[in-house]
Amino acid sequence: MLASWPKRRVAKVVAARLVIKITTQDIGSRITTRRRVPGGFRDAVGVLESWEGGVLAVRRRDGTLVEIPEDTLVAAKVVPAAPPRPERRQR
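Residues numbered from 1 in each chain as written. Predicted model: local features only at pLDDT ≥ 70, side-chain atom pairs only at ≥ 80, totals over all residues. Heavy atoms only, no water.

K.L.:
How should I be thinking about the environment of Val79 in this particular structure?
P.N.:
Relative to the helices and strands, Val79 is located in the segment after strand E5 (73–78). Setting aside its immediate chain neighbours within four residues, Val79 contacts Arg30, Ile31 and Thr32. (Helix = DSSP H or I, 4+ residues; strand = E, 2+ residues; numbered from the N terminus. Contact = heavy atoms within 4.5 Å.)

The structure is reproduced here in structure tokens:
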């Protein structure tokens, strides 16, 4: 019965609103960012450590520091603290 139905392609349109919702008042907060890079976009999540001279410094949970020129930002917002990591069992 289903084989007799016409085959149609279903397209799902997903629109996202990209907004920058952070300020220098958010230094010390955990943020998520999306920025333009050659060939696409990159995301960074971490603590906003500084915002000076048009560059944001975001410390990721692995300790690396990501420097993001503010003119490359396409979206950013404050996010809740990371959930605690589960404890590893010792063998």
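K.L.:
Help me understand the side chain of Thr72, please; the structure alone is not making it clear to me.
P.N.:
The residue Thr72 is located in the loop between strand E4 (65–69) and E5 in this model. One polar contact links the side chain of Thr72 to the main-chain carbonyl oxygen of Pro69, over a distance of 2.7 Å. Setting aside residues up to four positions removed in sequence, Thr72 forms contacts with Arg34, Arg35 and Arg36. (Polar contact = N/O pair within 3.5 Å; in protein donor to acceptor, adjacent residues only side chain to side chain.)

K.L.:
How should the sheet that holds E5 be read in this particular structure?
P.N.:
In any sheet, the strands associate via hydrogen bonds between backbone groups, in a parallel or an antiparallel arrangement. Spatial strand order, E4-E3-E2-E1-E5: 5 strands in an open sheet with antiparallel pairing. Two strands in the sheet have a free side with no partner beyond their single neighbour: E4 and E5. Ignoring strand direction, the axes of neighbouring strands in this sheet form an average angle of 40°. Here strand E3 (residues 55–59) pairs with E4 via 5 bridges, running antiparallel. Residue Arg59 lies in a different strand from E4, and its bridge partner there is Leu65. (Pairing = 2+ DSSP bridges. Axes fitted to C-alpha atoms, helices over the stretch in contact; angles between N-to-C directions.)

K.L.:
What is the right way to read the pattern of salt bridges from this model?
P.N.:
Close approach of charged atoms lets side chains of opposite charge pair. Taken as a whole and assessed by the stated rule, the structure comprises 2 salt bridges. Between Asp43 and Arg34 there is a salt bridge, with its nearest N and O atoms 2.7 Å apart. Here Asp43 falls in the partly exposed class, since its relative accessible area comes to 37%. Here Glu49 ties to Arg59 by a salt bridge, and the two come within 3.0 Å at their closest N and O atoms. Taken as a pair, Glu49 in strand E2 (residues 40–52) and Arg59 in strand E3 lie far apart in primary sequence, 10 residues in all. Classification of Glu49 as partly exposed rests on a relative accessible area of 39%. (Salt bridge = Lys/Arg side-chain N within 4 Å of Asp/Glu carboxyl O. Buried < 20%, exposed > 50% of the residue type's maximum accessible area, 1.4 Å probe, protein only.)

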